[in-house]
Amino acid sequence: MQGLIEFITEDKNTHLEHLEDEIINNGSKGARTSIEFLKSIKKMLQGGKGGSNVSVKWDGAPAIFAGTNPENGRFFVGTKSIFNATPKINYTVSDISRNHGGALADKLAVALKYLPKLGIKGVLQGDLLFTSSDKKGAVVNGEKSVIFTPNTITYAVPVASTSMYNRIRAAKIGIIFHTSYSGKTMKGLKASFGAGVGGLRQNSNVFFDDARYKQAEDPGLNKAEEKRFDAIIRMAEGSVYKGGAFIDLIKKDKGPLSLGVQLKTFFNTYIRAGQKIGNAKALTNNFEVYFRDKIKKEIKDKKTDKAKQKYEEILEAGMKILRPNRQGLYFAIASYITLQTAKSMLLSKLNKIQSIGSFMRTSTGYKVTNPEGYVAINKGNAVKLVDRLVFSQANFNVAKDWVRR
């Protein structure tokens, strides 16, 4: 993929949040940031200057870190565990065997064998697409193809795409690089979203690319779509204004059973079930019941009076916020829904570009699907845009055989 280059400096081991979750994570400020993201992505799609920079989220797994340890000049590979209190940094196959196990160890051994050939400067992070054993031949959409399924999505490259097909068939490992790291120590490494691969050496054993979004010829909104999008944004701004005091209130409590954390968990129960989050009035009523029942279960499960009292106090504190602020909760949920609606409009435009076909495996064969999502960067902030009913719901339930770190 080629196109816009994006850079944002973050702490190592970065974690990206969904755009609409920012109203829970960062209150009214997060809501305004999300709205600005939506406006700037629209601007980018329309070809205007000053819009967000966007990269494609490939559904690769696991995350692989590779490069030179700035402390000793040695090449290494690893997972996010390179940032552990006791880092798991792998310079040799023996290191991999000691630090990891199972399929993950096998994949890291392949990475250690072939990635040094690319001449990586500094440290890069990428999503693993395949090693040799992951590739298979299949007929997809009526075409003979090579396929691989690193996580939830199955990627397929037909024989007709001669150059891409031959590159992937020949490669021993495939990876998409998306983040670069720099620093004088491993502990002090800083991450920058955006990893250009133009300076890497080509090698037939490694299929690699970066994640940058390639602008399609005309993916922008037409006049009717733009009018509808702008109306949705105005609705979001109105809801955020009316619900701002409430979302700022729940942002202050960061405990695992706080209202904000539980509201996010509440939304995730709908996503796991594949249910659309769409009726603010019903969801307002349902959340109060959900929160009350969740804490009452915690109280019931506790063995001591002291522990029970702790959760009774959590319940009382939460209900003291909810009861007088039902309207605020309603507008917070309405803001969440409206942000999702605007995001979906933009996703439908962004999805026009794919370099490799993506599919979902079903009981009846392969179903065409869109890329997993995108990362948008604007004014030093980054969020992810994902069709959560498709991909988050699938990822909640997918089994991974490489999870051991």
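Before reading on, note that the structure itself is shown above.
Residues numbered from 1 in each chain as written. Predicted model: local features only at pLDDT ≥ 70, side-chain atom pairs only at ≥ 80, totals over all residues. Heavy atoms only, no water.

A. Main features of the overall build of the chain. When its secondary structure is counted, the chain shows 11 helices and 15 strands. A burial count over the chain gives 52% of its 405 residues as buried. Long-range contacts, defined here as pairs at least 24 residues apart, represent 70% of the contacts in the chain between residues at least 6 apart. If you sum the accessible surface of the chain, you get close to 19400 Å²; carbon and sulfur atoms cover 49% of it. (Helix = DSSP H or I, 4+ residues; strand = E, 2+ residues; numbered from the N terminus. Buried < 20%, exposed > 50% of the residue type's maximum accessible area, 1.4 Å probe, protein only. Contact = heavy atoms within 4.5 Å. Areas by Shrake-Rupley, 256 points an atom, 1.4 Å probe, with all protein chains shown as cover.)

B. Main features of the pattern of salt bridges. A full pass over the atoms with the stated rule returns 16 salt bridges. The partner of Arg 292 in a salt bridge is Glu 288, with the nearest N and O atoms 3.6 Å apart. One end of the pair is Arg 292 and the other is Glu 288, both in helix α8 (residues 280-301) and 4 residues apart, which spans about a single turn. The exposure class assigned to Arg 292 is partly exposed, which follows from its relative accessible area of 24%. For Glu 288, a relative accessible area of 15% translates into the label buried. Note that Glu 316 and Lys 320 form a salt bridge whose closest N and O atoms lie 3.6 Å from each other. Here Glu 316 pairs with Lys 320, and both are found in helix α9 (residues 305-322), just 4 residues apart, close to one helical turn. Relative accessible area serves as the criterion here: at 45%, Glu 316 is assigned to the partly exposed category. For Lys 320, a relative accessible area of 55% translates into the label exposed. Taken together, the salt bridges that share partners define one network made up of Glu 20, Asp 21, Lys 343 and Arg 388. (Salt bridge = Lys/Arg side-chain N within 4 Å of Asp/Glu carboxyl O.)

C. Seen up close, helix α4 (residues 102-114). The end-to-end C-alpha separation of α4 is 19 Å, in line with the 18 Å expected for 13 residues at 1.5 Å each. Three or more residues of α4 are buried, namely Leu 104, Ala 105, Lys 107, Leu 108, Ala 111, Leu 112 and Tyr 114. (Expected span 1.5 Å × (residues − 1).)

D. Fine view of the packing of aromatic side chains. Using the criterion set out here, one finds 15 aromatic pairs in the structure. Here Phe 266 and Tyr 270 contribute two aromatic rings whose centre-to-centre distance is 5.2 Å and whose plane-to-plane angle is 75°, an arrangement assigned as edge-to-face. Residue Phe 266 and its partner Tyr 270 are located together in helix α7 (residues 259-272), separated by 4 residues, close to a single helical turn. A residue is classified by how much of its surface remains accessible, and Phe 266, at 3% relative accessible area, is buried. According to the relative accessible area criterion, Tyr 270 is buried, its value standing at 13%. Look at Phe 267 and Tyr 336: their rings are 3.9 Å apart centre to centre, the planes differ by 20°, and that puts the pair in the stacked class. On the criterion of sequence distance, the pair formed by Phe 267 in helix α7 and Tyr 336 in helix α10 (residues 326-350) is long-range, its members being 69 residues apart. (Phe/Tyr/Trp six-rings, centres within 6.5 Å; stacked < 30°, edge-to-face > 60°.)

E. Just the pairing of strand β14 (residues 373-378), in detail. Most of β14 is tucked away, with 6 of its 6 residues classed as buried. Here strand β2 (residues 53-57) runs beside β14; their pairing, made up of 5 bridges, is antiparallel. Following the sheet pairing, Asn 53 is matched in β14 by Ile 377. (Pairing = 2+ DSSP bridges.)

F. Main features of the sheet that holds strand β15 (residues 381-386). Taking strand neighbours across the sheet as the criterion, the 3 strands line up as β2-β14-β15 in an open arrangement whose pairing is antiparallel. Lying at the two open borders of the sheet, with one neighbouring strand each, are β2 and β15. Averaged over all pairs of adjacent strands, the angle between strand axes in this sheet comes to 25°, irrespective of strand direction. In this sheet, β15 lies alongside β14 in antiparallel orientation, the contact comprising 6 bridges. When the bridges of β15 are listed, Ile 377 appears paired with Ala 382. Docked against the sheet, helix α2 (residues 27-45) engages β2, β14 and β15, running at close to 100° with respect to β14. Strand contacts of α10: β2, β14 and β15, with the helix running at about 80° to β15, the strand carrying the most contacts. (Axes fitted to C-alpha atoms, helices over the stretch in contact; angles between N-to-C directions.)

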